[in-house]
Structure formats: C-alpha cells, structure tokens
Amino acid sequence: MGVRDSGRLADGVVLSGIAKSFGPTRVLEAIDLAIEGGEFLTLVGPSGCGKSTLLRIIAGLETADAGSVAIGGRSVDHLRPDERDVAMVFQSYALYPHMTVAGNMATPLEMRRLTLAERLPLIRHLSPRRPRVMRGIMAEVRAVAETLQIAHLLDRKPAQLSGGQRQRVALGRAMVRRPRVFLMDEPLSNLDAALRVHMRSELAELHARLGITFIYVTHDQVEAMTMSSRVALMDQGRILQLGTPADLYDRPATVAVARFIGSPPINLLEGEADGTGGVRIDGMRLPIAPGVAAGTRVTVGIRPEALHPAPARHDGPVLRARLKRAENLGAEWMLHATLAGAGDAPLVVRITAAEHDAAAAAGLLGEDLALAVSPAGTHLFGADGARIAVRRLAGAA
Ligand SMILES: Nc1ncnc2c1ncn2[C@@H]1O[C@H](COP(=O)(O)OP(=O)(O)OP(=O)(O)O)[C@@H](O)[C@H]1O
Ligand SMILES: [Mg+2]
C-alpha cells in the first residue's frame, strides 16, 4: 500500500538561513538546504555538528533563532509539531511497554480521530461511533503492519520483540499518520551490526515504496552512502558539501569531506607542486598536478583502492612504500604500509583477493612495496583545504 494519496506529488522541504545558538554556543550557522519531494536526504557529520538540532527544527520540536522552514512550498514556522504532518523516529523508539504492537501503532490515530471521552476507560464504551472509528483505525494499522511485515506480531508486547522488530513497530507507528515527510534521527544505532545492515536495505525499500520525502540523520558515513539519494555532510553547524553519494566520494570539495567519506579512510599525503606538473612527496614525485604553480603546498588524497602493488619499474605514477602488515578480509585484503621516505606517512591499500594472490605470486609483496597510483581515486587539495580542480590528472591514460 502507498501512504501517499495516489497522484499527489511528494512534498519537498526548504530550509532558508536556519541559525541556532544554545546560550553562547553557535550550533547552526545560516543553513540553506532545498530537499526535493520524494528524496532520501541524509544529514551526516561528526558528533555534535548540529544534525539532530536541525532535524528537530524541521519537526518543530526546537525553534530556530533565524531562518525559515517550508514544507510543500508553504512556511511551517507558525505550525506546532503535530500540525506539520511530519513523523519523527528516534534512536530510542519509546514504545509503550504495556500496550500491544497494534495498540502502539493505533495510538497516534486514536489521538487524532477520537475525542478525549472516547479514549477514557469505562466512559469510552458509551460512544456509539467509537467501534466504527476503531475498526477503520485497525484496518489501517494492519495494512501498515503488512507493509512492514510485522502483521503477525500485532498482539505481542514490545518486550516480546527483537530489536529489529521493535524498530519496525516504531516506523509503523510513524507511518500510520501518513506523514508528508519522514524524519529519522539515528534510528538504527541501537541495533547490532548485522541487523543494521539488513534494516538499511529495508529502509531504502520502504522509501521507494512510500515515495515520500525522507530526511535521515546519522554519524555513520556508510549508512549515509548506501541509502541516500543525496547527502549533506555537516561539520560545526555548516554544510560542507551537498551531493549524491558518488559526488562526495569521487569529487570531495574539501579535505574534510574526503577524510570523512570512505572506509577505510582516504590516504592523505602532504606535498608541494614542482611547477612542471608534479607533486613532490617525501622525496618522491607524482605527476598529478598539471597547471599548479611551483611551491604550492598541496594535500594529495589517494583512496585505498586507488593504490595497487606494481613492479618496481612500473610505467606510471608510483609511490615507494614499506609493507608492515597484510590483513585478509576474505574477498579483499588491506595492506598497511608506510611511505618509504623519511616521513613514514601511513598508507592503506585495498585490493581484491585475486589481485593480492597475483601480486604475491609475482613477488610484489616484499617489504619494499611499489604502489601504482590510479588517477581516478586521487585528489588534490590546496593549503586552504579546498579541492584543486586539475583538468585531467597526468597519467590517466
Ligand atoms: N538543549 C541544548 N542545550 C544546550 N546545548 C545543546 C542542546 N542541544 C544540543 N546542544 C549542543 O549543540 C550541539 C549540536 O548538538 P546536536 O544534538 O544537534 O548534534 P548531533 O550532530 O546530532 O550530534 P550526535 O551525532 O552526537 O547526535 C552540541 O554541541 C550539543 O552539545
Ligand atoms: Mg544527534
């Protein structure tokens, strides 16, 4: 079943100049963000960067000092949380322990459709319309429960459910309200690793089925990358970069973005442009900076999968390193090395098991390791941390 009325377009959310301080602490700095209707937008960033505060401002649970929130093209600044037609799911799902799953899921609808008298014990049975309203509510609860595959659990209490089942009940309780926008604040962080991976795909599927706007908060970049149509990477109350997961991974706007996105994290090496298209790193030269002025301090970012064991006399950009440790992860290997120069900068190399075995057979995995650098996963940043756009990294052929 689709929660949206058929034919109605999903509502977008537009944030303009949202600023917030708690006492002297500036938590959000004039955030502008246009979230399209039907999008799965993830706010990701380190702990304390302001993600939850921004989400709570959208929900109306927190008031901004400045700026405005619009949902479906209309300002909601003057609306109470329950009038905004948004549903919020938190990390702690706070189900009512004494109620069944069905009771938990029906509560938001009972609050909306029954009068106070119709909800009170004893008196409620005097209402002639209550049985009809309750039948309607239970039919909707059942339909949502079927969508979430928890229909067989409707008569259980929360204590009789697994973590993932409880999480789905919390989602169901939010879904029955047919929100225009779904807000989620780290809803999976209480689940164990395996269940988290499973629920990631369930949430992505749920989003596709409902077709409504999801705004999702996490500090886990893998979660952000796997589920979202777009990701807003936040740090210290600002959005550092907004884009698709591929944008952030393949074209990080700053060193900070490059460092945050990617697991294991990107290798960062300090160097200096030599003015002839090369970067000098610890006595080595990588021909990766065409058009960058001599003497420019740069940071070279190389994704772990952009490094490959190569013969010492490889034709193309190469870094010389010392292999410290090789980790077998089954389908792939992580090679932990340090740059051969005096600086001893750490390097992580990620290769498939097949590539590892071939390199080992060819005798390429000795203590002295030559690493071919693939330009596709290599990024250049200036001293200010901003990406240096080089038209085409040398050696890309
Ligand atoms: N009610 C409050 N009073 C004072 N400071 C607050 C309040 N709520 C949040 N803060 C502060 O505002 C900053 C942002 O908090 P917020 O909860 O938005 O961060 P977050 O990005 O969600 O972090 P996390 O990933 O740890 O959940 C933090 O420094 C926090 O201590
Ligand atoms: Mg938070």
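Because the structure is a prediction, the values reported are computed rather than measured. (Residues numbered from 1 in each chain as written. Chains lettered and ligands numbered in written order. Predicted model: local features only at pLDDT ≥ 70, side-chain atom pairs only at ≥ 80, totals over all residues. Heavy atoms only, no water.)

## Remarks on unusual backbone geometry
Argument step 1. Of note, the bond from Ser-263 into Pro-264 is cis; its omega dihedral lies within 30 degrees of zero at -5°.
Argument step 2. Structurally, the position occupied by Pro-264 is in the loop between helix H9 (255-260) and strand E11 (267-273).
Argument step 3. In this structure, Glu-186 is a non-glycine residue whose phi angle is positive, near 45°.
Argument step 4. If you trace the backbone, Glu-186 turns up in the loop between strand E7 (181-185) and helix H6 (193-210).
Argument step 5. Owing to a relative accessible area of 11%, Glu-186 belongs among the buried residues under this scheme.
Argument step 6. Phi is positive for Asp-282, which is not a glycine, with a value near 50°.
Argument step 7. Within the secondary structure, Asp-282 sits in the loop between strand E12 (279-281) and strand E13 (284-286). (Helix = DSSP H or I, 4+ residues; strand = E, 2+ residues; numbered from the N terminus. Buried < 20%, exposed > 50% of the residue type's maximum accessible area, 1.4 Å probe, protein only.)

## Things to note about the pattern of salt bridges
Argument step 1. By the definition in use, this model includes 18 salt bridges.
Argument step 2. For Arg-113, the salt bridge goes to Glu-140, with nearest N and O atoms at 2.9 Å. Of this pair, Arg-113 sits in helix H2 (residues 101-113) while Glu-140 sits in helix H4 (residues 130-147); the two residues are 27 residues apart in sequence, bridging distant segments of the chain.
Argument step 3. Assessed through its relative accessible area of 21%, Glu-140 is described here as partly exposed. (Salt bridge = Lys/Arg side-chain N within 4 Å of Asp/Glu carboxyl O.)

## Examining the site of ligand 1
Argument step 1. Close to ligand 1 lie Phe-22, Val-27, Pro-46, Ser-47, Gly-48, Cys-49, Gly-50, Lys-51, Ser-52, Thr-53 and Glu-186.
Argument step 2. Within the backbone of Gly-50, a nitrogen or oxygen atom sits 3.0 Å from an oxygen atom of ligand 1.
Argument step 3. At 2.5 Å, a side-chain N or O of Thr-53 approaches an oxygen atom of ligand 1.
Argument step 4. Considered on its own, ligand 1 offers 640 Å² of accessible surface; in the complex 55% of this is hidden by protein.
Argument step 5. Ranked by the residues each element gives to the shell around ligand 1, the list is headed by helix H1 (residues 51-59), at three residues.
Argument step 6. Looking at the shell around ligand 1 residue by residue, the classes come out as four nonpolar, five polar and two charged. (Near = heavy atom within 4 Å. Polar contact = N/O pair within 3.5 Å; in protein donor to acceptor, adjacent residues only side chain to side chain. Areas by Shrake-Rupley, 256 points an atom, 1.4 Å probe, with all protein chains shown as cover. Nonpolar A, V, L, I, M, F, W, Y, C, P; charged D, E, K, R; others polar.)

## Thoughts on helix H10 (residues 353-361)
Argument step 1. Taken together, the buried positions of H10 are occupied by Ala-353, His-356 and Ala-359. Burial along H10 is one-sided: seen end-on, the buried residues are contained in an arc of 130°. Opposite its buried face, H10 presents the exposed residues Ala-354 and Ala-361, each directed more than 90 degrees away.
Argument step 2. Looking at the buried side of H10, the elements it contacts are strand E15 (307-310), strand E17 (332-339) and strand E18 (346-352).
Argument step 3. Gly-363 lies just past H10 and shows a positive phi near 70°. (Arc of directions from axis to C-beta. Contact = heavy atoms within 4.5 Å.)

## Brief notes about the sheet that holds E13
Argument step 1. The strand order across the open sheet formed by five strands is E13-E12-E11-E14-E20, and the pairing between neighbours is antiparallel. Of all strands in the sheet, those bounded by a partner on one side alone are E13 and strand E20 (378-381). Shown here is a sheet whose adjacent strand axes are inclined to one another by a mean of 40°, direction ignored.
Argument step 2. Summarising the sheet, E11 and E12 pair through two bridges and their orientation is antiparallel. From the neighbouring strand, Glu-272 faces E12, where its bridge partner is Arg-280. (Pairing = 2+ DSSP bridges. Axes fitted to C-alpha atoms, helices over the stretch in contact; angles between N-to-C directions.)

## Some words on the pairing of E17
Argument step 1. Across the eight residues of E17, seven count as buried, placing the element largely inside the fold.
Argument step 2. Across seven bridges, strand E16 (residues 318-328) lies against E17 in antiparallel orientation. Along E17, the bridge assignment pairs Arg-325 with His-336.
Argument step 3. If you look at the hairpin formed by E16 and E17, you'll find three residues sitting between the two strands, and Gly-330 has a positive phi there, around 90°.
Argument step 4. Pairing analysis gives seven bridges linking E17 to E18, with the strands arranged antiparallel. For Leu-335, the partnering residue across the bridge sits in E18 and is Val-349.

## A word on the domain arrangement of the chain
Argument step 1. According to the domain assignment, the chain contains domain 1 (13-250) and domain 2 (264-381).
Argument step 2. Computed from C-alpha atoms alone, the centre-to-centre distance between domain 1 and domain 2 is 43 Å. (Domains from an automatic or database assignment.)

## With respect to the nonpolar core
Argument step 1. Met-105, Leu-171, Phe-182, Met-184, Leu-203, Leu-206 and Phe-214 are the most contacted members of the largest nonpolar core, which totals 41 residues.
Argument step 2. Of all the elements in the fold, those that place two or more residues in this core are strand E6 (86-89), H2, H4, helix H5 (163-175), E7, H6 and strand E8 (213-218).
Argument step 3. With six residues, H4 is the largest single contributor of residues to this core.
Argument step 4. Listed in part, the 30 residues of the second largest apolar core include Val-300, Leu-339, Ile-351 and Val-373. (Core = buried A, V, L, I, M, F, W, Y, C linked by side-chain atoms within 4.5 Å.)

## Here's the deal with the environment of Arg-156
Argument step 1. Position of Arg-156 relative to the elements: it lies in the loop between H4 and H5.
Argument step 2. Along the chain, Arg-156 and Ala-102 lie 54 residues apart, while their C-alpha atoms are 8.1 Å from each other.
Argument step 3. Residue contacts for Arg-156: discarding those within four places in its chain leaves Met-99, Thr-100, Val-101 and Leu-161.

## Regarding the sheet that holds strand E5 (residues 74-75)
Argument step 1. Strand order in the open sheet formed by four strands is E2-E1-E4-E5, and the pairing between neighbours is antiparallel. Unpaired on one side and paired on the other, strand E2 (25-35) and E5 mark the two borders of the sheet.
Argument step 2. Sheet topology places strand E1 (residues 13-22) next to strand E4 (residues 66-71); five bridges connect them, and they run antiparallel. Note on E4: the bridge partner recorded for Val-13 is Ile-71.
Argument step 3. Packing of H1 onto the sheet brings it into contact with E1, E2 and E4, and relative to E1 it is tilted by some 120°.

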